[in-house]
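Survey of secondary and tertiary structure
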Amino acid sequence: MFRKALFRFSTYNFISVTQKGKVALIQLNRPKALNALCDGLIKELNQVTQEIDANPEYGSIVITGSEKAFAAGADIKEMQDKSFPQVQNIQMLASWENLTNIKKPILAAVNGYALGGGFELALMCDIIYAGENAKFGLPEITLGTIPGCGGTQRLIRAVGKSKAMEMTLTGEFIDAQTALSYGLVSKVVPAQNLVEETLKVAEKIASFSKPVAALIKDTINEAENIGLREGVKYERKAFYSTFATQDRKEGMSAFVEKRKPSWTDN
Ligand SMILES: CCCCCCC/C=C/C(=O)SCCNC(=O)CCNC(=O)[C@H](O)C(C)(C)COP(=O)(O)OP(=O)(O)OC[C@H]1O[C@@H](n2cnc3c(N)ncnc32)[C@H](O)[C@@H]1OP(=O)(O)O
């Protein structure tokens, strides 16, 4: 597989970024700390995802870690000595949510541990695929704290109240097959094939019209914030808006003319 360095003038300390066609592959790269999410890593992730989002070459993003850990949570050593005024005054978690403002679809390829903030990071992505060795958990209760980056809110929406309570109140991990049975992940594959399999889906998504893919992402994610009646109205407006695009015209014309569509992202 041919990959070239992305944004070759940027250097990163905690992540690496490579390109395959229209897909950007971001690998969390703090192996000694099992990809614990330190402040510097989150800053780099925010910076690069915003750059990719603004770059018309890319149609989707894959985030992965190592075979041992997607990410073992927020960096406990960094948080250990912080005080209440410190975390409140600097709004410690605010920038973590930046990922949810990215318009391009983001796929998480999770091998190994996805714990605490690492699991919350996966939950912010649009699709999660897991390697057979994946372990998901919100162990914050074992550290005397609670999930702080949307874990409680996104987990209950993904798996329902009883399972969300069970995971957060016991801090126990679930394996990949259990995550599949909960509907938390879409697919489980052998660990060594995970990134390849995820890239294939990401490439397929990136091959479609980018504004239309962004509209689908936005409309589905909006369902987590609003009720059904408002959601259906929101979807209809988005549907109407596709009739202002060249790509909607091209897609339907291509079907009628029995040819492949050629998307221009307009
Ligand atoms: C900056 C904003 C902060 C926002 C906070 C948002 C709210 C989120 C909170 C959290 O995420 S709290 C953290 C939740 N995660 C955990 O509690 C998991 C902690 N890790 C473990 O339990 C174990 O490491 C493991 C994943 C079960 C693996 O065990 P194993 O025995 O295989 O490896 P270790 O020897 O324990 O770890 C190797 C190495 O990695 C360091 N490390 C692991 N996890 C973290 C972490 N979350 N933070 C910092 N460092 C971590 C571990 O300390 C070892 O390093 P050394 O001590 O040997 O140098």
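What counts and what doesn't
- Residue indices follow the written sequence of each chain, beginning from 1 at its first position.
- Local features in this predicted model are restricted to residues of pLDDT 70 or higher, and side-chain atom pairs are both shown and tallied only at a pLDDT of 80 or more, whereas totals for entire chains, interfaces and linings draw on every residue.
- Computation of side-chain values covers all heavy atoms of the structure but excludes hydrogens and water.
- As a rule, the C-alpha atoms of each element are fitted with a line to give its axis, helices using only the stretch in contact, and angles between N-to-C directions run from 0 to 180 degrees.
- In DSSP terms, a helix is any run of H or I states spanning at least four residues, a strand is any run of E spanning at least two, and both are numbered starting from the N terminus.
- In this scheme, roughly parallel covers angles under 35 degrees and roughly antiparallel covers those over 145, while 65 to 115 is roughly perpendicular and the rest are oblique.
- A clockwise turn of the near helix away from the far one marks a right-handed crossing, whereas an anticlockwise turn of less than a right angle marks a left-handed crossing.
- In this description, contact between two residues means that some pair of their heavy atoms is separated by no more than 4.5 Å.
- Charged means Asp, Glu, Lys or Arg here, nonpolar means Ala, Val, Leu, Ile, Met, Phe, Trp, Tyr, Cys or Pro, and polar covers whatever is left, Gly included.
- Two strands qualify as a pair provided that DSSP identifies no fewer than 2 bridges between them.
- Accessibility here uses a 1.4 Å probe with only protein chains present; expressed as a share of the type maximum, an area under 20% marks a residue as buried, one over 50% as exposed, and anything in between as partly exposed.

Before going further, it helps to spend a moment on the packing of helix 5 (residues 151-159) against helix 6 (residues 161-170). Two numbers describe how helix 5 lies on helix 6: the axes approach to 7 Å, and their chain directions differ by 135°. With respect to helix 6, the element helix 5 is oriented oblique. Where helix 5 crosses over helix 6, the two elements pack in a sense that is right-handed. The segment helix 5 lies against helix 6, with Thr152, Leu155, Ile156 and Val159 engaging Lys161, Lys163, Ala164, Met167 and Thr168. Partitioning the contact of helix 5 with helix 6 into residue classes produces 5 nonpolar, 2 polar and 2 charged.

Right, let's get into the sheet that holds strand 9 (residues 135-137). Whenever strands of a sheet pair, they do so through backbone hydrogen bonds, lying parallel or antiparallel. Taken in spatial order, the 4 strands line up as 5-7-9-10 in an open sheet, and their pairing is mixed. Each end of this open sheet is capped by a strand with a single partner; those strands are strand 5 (69-71) and strand 10 (174-175). Here strand 9 pairs with strand 10 via 2 bridges, running antiparallel. Looking at strand 10, one finds that phenylalanine 136 is bridged to isoleucine 174. Contacts from helix 4 (residues 117-124) reach strand 5, strand 7 (113-115) and strand 9, with the element oriented near 90° to strand 7.

A few words now on unusual backbone geometry. Even without glycine at this site, asparagine 35 takes up a positive phi of about 60°. In this structure, asparagine 35 sits in the loop between strand 3 (23-28) and helix 1 (39-54). Here asparagine 35 falls in the buried class, since its relative accessible area comes to 1%. Its identity is not glycine, yet aspartate 265 carries a phi of approximately 65°, on the positive side. Relative to the helices and strands, aspartate 265 is located in the segment after helix 11 (246-256).

Shape is all these values report; function is a separate question.
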